[in-house]
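Spelled out from the first residue to the last, the chains are:
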Amino acid sequence: MKDIIVIGAGVVGCAIARELSKYNLDVLVVDKNEDVAEGISKANSGIIHGGYNEKKGTLKAKLNLEGNKMMDELSKELQFPFKRNGALVLAFNEEELDKIKNLKANGDELGVEGLEILNKKEVIELENNINSDVVGALHVKTSGIVSPYEMTLAFAENAVENGVEFKLGQAVKNIKREDNIYKLTLDNDKNLEAKMIINASGLGGAYLNNLINEVKYEISPVKGEYCLFDKVAGGMCKKTLFQVPSKLGKGVLVTPTVDGNLLLGPNAKADGGVSTSRSGIDEIMEKSKKTIKELPFARVLNTFSGLRPKVEGEDFIIEEAKGNPNFINVIGIDSPGLTAAPAIATYIIDLISDKIKLTKKENFKSTREKMIRMADLSIEEKNKLIKENPSYGKMVCKCEFVTEGEIIDSIKRPLGATTLDGVKRRTRAMMGGCQGTGCMIPISMILSKTLNIDISQVNKNSKSSTVVGFKED
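Residues numbered from 1 in each chain as written. Predicted model: local features only at pLDDT ≥ 70, side-chain atom pairs only at ≥ 80, totals over all residues. Heavy atoms only, no water.

Asks: So what's going on with the packing of helix H2 (residues 59-78) against helix H5 (residues 148-161)? Which residues, and what values?
Replies: Look at H2 against H5: their axes get within 10 Å of each other, and the N-to-C directions meet at 60 degrees. With respect to their mutual orientation, H2 and H5 come out oblique. Handedness of the H2/H5 crossing: left-handed. Along its contact with H2, which presents Met71, Leu74 and Leu78, the element H5 presents Met151, Ala154, Phe155 and Asn158. (Axes fitted to C-alpha atoms, helices over the stretch in contact; angles between N-to-C directions. Helix = DSSP H or I, 4+ residues; strand = E, 2+ residues; numbered from the N terminus. Parallel < 35°, antiparallel > 145°, perpendicular 65-115°, else oblique. Left-handed = near helix turned anticlockwise from the far one by under 90°. Contact = heavy atoms within 4.5 Å.)

If you want it as structure tokens, here you go:
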């Protein structure tokens, strides 16, 4: 029996797991997907929000602010890429200018630091590609950008290094409480037991709650579509550029990514699927022209979409389930959930501190070493590594300069990659100009050899996504 089972291996679940790993507890993370960050956490804007737009007195406001302040130290400890590049909320007429002044007043009241109103000249001096129709902007100096899946991986790997177990590719299909113990049935009909459950399962959060709680919830997924440009277009802006937010969200943004690409999106559609549409991509392209008129749409590398788990009431739901002691719900974690994730984790510790014995480990390892990135090394460093291990000298992904050694590393790390997408998120292989056309099969062969499985068993992401659909004789 486990002390705590965390259901969900997205950024919130993995942040909670890492925080729990500071204590002498037997913790297990369960997720239906084959890797961490396969759901909401892999497909979002990657923005660390300043928090100026949240409502006073909400968990969103509190945890956004706290999570933002934790990001610098966490990114150093866990070595995930984070840039505090700042953001501009752009006004293009007097009505919008009044709105950004209200946003500043709201942010000031919430305790957001470094907010200032800029005039047209000051905006253009910061970002010379912005539409010349701009009349002013709210400068949010504390805003930043992060790779959401790399941040999730960092939390997860550090949790594993500190003794947390992960069971991936196993969906929870039923939960019962008997004699103050929670019994989980997985989709392979295996059973697990725990003294405490933390339900951080994203879009599945309401379903799991409703299995056991008399208070029912409903999650209404809101789809957001994105355009990802190549690194040639990455210099179009330095800061994250927002339009004035509406009731539907923070609107279509234009932002650099931590890897040097350019990202546009999202829109907002009441659609539970993750497909992209021509109309949706046209919509975000057209709306983004309000921010920058001359965007190089010929440089679009890929389009994708992600889902936001909206709940009624608009605030995060983080609480013990009614009538079910030690069943903790973490539901409706939409924006700014990425920013708030580490603060949600510490909030959970406070919430459970009188429900389960928490004694700190003396040997907790607070740091995590990032993967070797050959593309970032000097010639001398590269030559040294290649001399020690020739696989670092064998180029596999020519677009992103990823070597065989790095791909093997990504498979052998704590909670290593078992799928093509797992390798992709850990190394950036297949994220360049050819989008995997040139390296998908070589990477599949490395996965096959390193995991000692037939190449026909190598999947892109899920169990039904076979890359090579035949078995060699």
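Okay, back to it.
Asks: So, unusual backbone geometry: which residues are in play, and what are the values?
Replies: In this chain, Gly265 is followed by Pro266 through a cis amide linkage whose omega measures -5 degrees. On the secondary structure map, Pro266 appears in the loop between strand E16 (262-265) and helix H7 (278-288). At the junction of Ser335 and Pro336, the peptide bond is cis and its omega measures out at 10 degrees in the coordinates. The backbone of Asn180 shows a phi angle near 65 degrees, a positive value even though the residue is not glycine.

Asks: Tell me about the side chain of Lys239, residues and numbers included.
Replies: Within the element layout of this structure, Lys239 appears in the loop between strand E13 (219-229) and strand E14 (240-243). The side chain of Lys239 sits in the buried core without any salt bridge; Glu127 is the nearest counter-charge, 6.2 Å away. Polar side-chain contacts of Lys239 include one of 3.0 Å to the backbone oxygen of Asn85. Beyond its immediate sequence surroundings of up to four residues, Lys239 is in contact with Asn85, Gly86, Ala87, Leu88, Leu126, Glu127, His139, Val254, Thr255 and Pro256. (Buried < 20%, exposed > 50% of the residue type's maximum accessible area, 1.4 Å probe, protein only. Lys, Arg positive; Asp, Glu negative; His and termini not counted. Salt bridge = Lys/Arg side-chain N within 4 Å of Asp/Glu carboxyl O. Polar contact = N/O pair within 3.5 Å; in protein donor to acceptor, adjacent residues only side chain to side chain.)

Asks: Break down the nonpolar core for me, citing the residues and quoting the values.
Replies: Counting 54 residues, the largest nonpolar core has Ile4, Ile16, Leu20, Phe166, Val330 and Ile344 as the members making the most contacts within it. Looking at this core, the elements that each hand over two or more residues are strand E1 (2-7), helix H1 (11-20), strand E2 (27-31), H2, H5, strand E12 (191-199), strand E19 (327-331) and helix H8 (337-352). Looking at this core element by element, the count peaks at nine residues for H8. Excluding residues within four positions of it along the chain, Ile344 makes contact with Val12, Ile16, Leu63, Phe316, Ile318, Val330 and Ile333. (Core = buried A, V, L, I, M, F, W, Y, C linked by side-chain atoms within 4.5 Å.)

Asks: Which residues make up the sheet that holds strand E8 (residues 144-146), and what values go with them?
Replies: Strand order across the open sheet formed by three strands is E3-E8-E4, with antiparallel pairing between neighbours. The open sheet has two edge strands with one neighbour each: strand E3 (47-48) and strand E4 (82-83). As judged from the two bridges shared by E3 and E8, these two strands associate in the antiparallel manner. Bridge pairing in E8 places Ile48 opposite Gly144. (Pairing = 2+ DSSP bridges.)

Asks: Quick one: what's the story with helix H11 (residues 420-427), residue by residue and with numbers?
Replies: With seven of eight residues buried, H11 lies mostly within the body of the structure. Among the residues of H11, Leu420, Asp421, Gly422, Val423, Arg425, Arg426 and Thr427 are the ones counted as buried. On its buried face, H11 is in contact with H5, strand E21 (402-403), helix H10 (404-412) and helix H12 (440-451). Note on H11: the residue one or two positions beyond its end, Arg428, has a positive phi of about 75 degrees.

Asks: Go over the layout of surface pockets with me, naming the residues and quoting the values.
Replies: Of the pockets and cavities examined, the second largest pocket occupies roughly 580 Å³. Taken together, 31 residues line the second largest pocket, and the ones lying closest to its centre are Glu150, Asp259, Arg373, Asp376 and Arg428. Secondary-structure elements contributing two or more residues to the lining of the second largest pocket are H5 and H11. Of the residues in the lining of the second largest pocket, the class split is 11 nonpolar, five polar and 15 charged. (1 Å grid on protein atoms, 1.4 Å probe; cavity = no way out; pocket = protein on both sides within 12 Å on 5 of 7 lines; lining within 4 Å. Points joined across faces, edges and corners; volume = space filled by probe spheres on them. Nonpolar A, V, L, I, M, F, W, Y, C, P; charged D, E, K, R; others polar.)

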